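Chains, contacts and geometry: an overview
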Amino acid sequence: MEAINIQSTEKKYVISIDKNAVDKDFLFDLLERLSIENLAQKVNMDDSIIDLGEDIKKEWWQNNKDRFLKSGR
């Protein structure tokens, strides 16, 4: 048996992983990431979300830049 085996059915991919090949914590992290990616693909976002993100970053920087930049005053 190979360490990782993938089978394709009509509606699913079936993945078998040898327990000796992959650490359980790594596998759980990978499954969590796959779940998050799946949810992210279902979200209907348009370009305005990018503008909102830029506005949030700009405001955060204006409020916090003094913590990171020491003025020579």
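As shown above, the structure is provided for reference.
1. A few points about the overall build of the protein
Helix and strand counts for the protein come out as 2 helices and 2 strands. Oriented by its inertia axes, the alpha-carbon framework of the protein measures out at about 70 × 30 × 15 Å. Across the 73 residues in the protein, those meeting the buried criterion constitute 1%. Total accessible area on the protein stands at roughly 7,600 Å², and carbon and sulfur atoms take up 52% of it. Considering the protein, the positive charge centre built from 12 side chains and the negative charge centre built from 15 side chains are found 6 Å apart.

2. Re the side chain of Asn-64
Relative to the helices and strands, Asn-64 resides in helix α2 (residues 48-68). Of note is the side chain of Asn-64, whose polar atom sits 2.8 Å from the side chain of Arg-67.

3. What to know about the pairing of strand β1 (residues 4-8)
With 5 bridges connecting them, β1 and strand β2 (residues 13-17) associate as antiparallel partners. Each residue of the ladder has a partner; that of Gln-7, found in β2, is Val-14. In this antiparallel pair of consecutive strands, β1 and β2, the connection spans 4 residues.

4. Quick look at a negative patch on the surface
On the surface, a cluster of negative charge is made up of Asp-46, Asp-47, Asp-51, Asp-55 and Glu-59. Along the polypeptide, Asp-46 turns up in the loop between α1 (24-42) and α2.

5. Brief notes about the pattern of salt bridges
Per the counting criterion, the structure on display carries 2 salt bridges. A salt bridge links Arg-33 to Glu-37; the shortest N-O distance between them is 3.8 Å. One end of the pair is Arg-33 and the other is Glu-37, both in helix α1 and 4 residues apart, which spans about a single turn. Between Lys-57 and Glu-54 there is a salt bridge; the shortest N-O distance is 3.2 Å. A residue pair is termed a helical-turn pair when its members lie 3 or 4 positions apart in one helix, as Lys-57 and Glu-54 do in helix α2 at 3 residues.

6. Thoughts on α1
Helix length check: α1 (19 residues) gives 27 Å between terminal C-alpha atoms against 27 Å at 1.5 Å per residue, within 8%. Burial analysis of α1 places just 0 of its 19 residues in the buried class, a small minority of the element. In this structure Asp-23 caps α1, since a side-chain oxygen of it lies 3.1 Å from the backbone nitrogen of Asp-25.

About the thresholds
- Residues numbered from 1 in each chain as written.
- Predicted model: local features only at pLDDT ≥ 70, side-chain atom pairs only at ≥ 80, totals over all residues.
- Heavy atoms only, no water.
- Helix = DSSP H or I, 4+ residues; strand = E, 2+ residues; numbered from the N terminus.
- Buried < 20%, exposed > 50% of the residue type's maximum accessible area, 1.4 Å probe, protein only.
- Areas by Shrake-Rupley, 256 points an atom, 1.4 Å probe, with all protein chains shown as cover.
- Lys, Arg positive; Asp, Glu negative; His and termini not counted.
- Charge placed at Lys NZ, Arg CZ, Asp CG, Glu CD.
- Polar contact = N/O pair within 3.5 Å; in protein donor to acceptor, adjacent residues only side chain to side chain.
- Pairing = 2+ DSSP bridges.
- Patch = residues over 30% accessible without salt bridge, like charges linked within 9 Å, V, L, I, M, F, W, Y side chains within 5 Å.
- Salt bridge = Lys/Arg side-chain N within 4 Å of Asp/Glu carboxyl O.
- Expected span 1.5 Å × (residues − 1).

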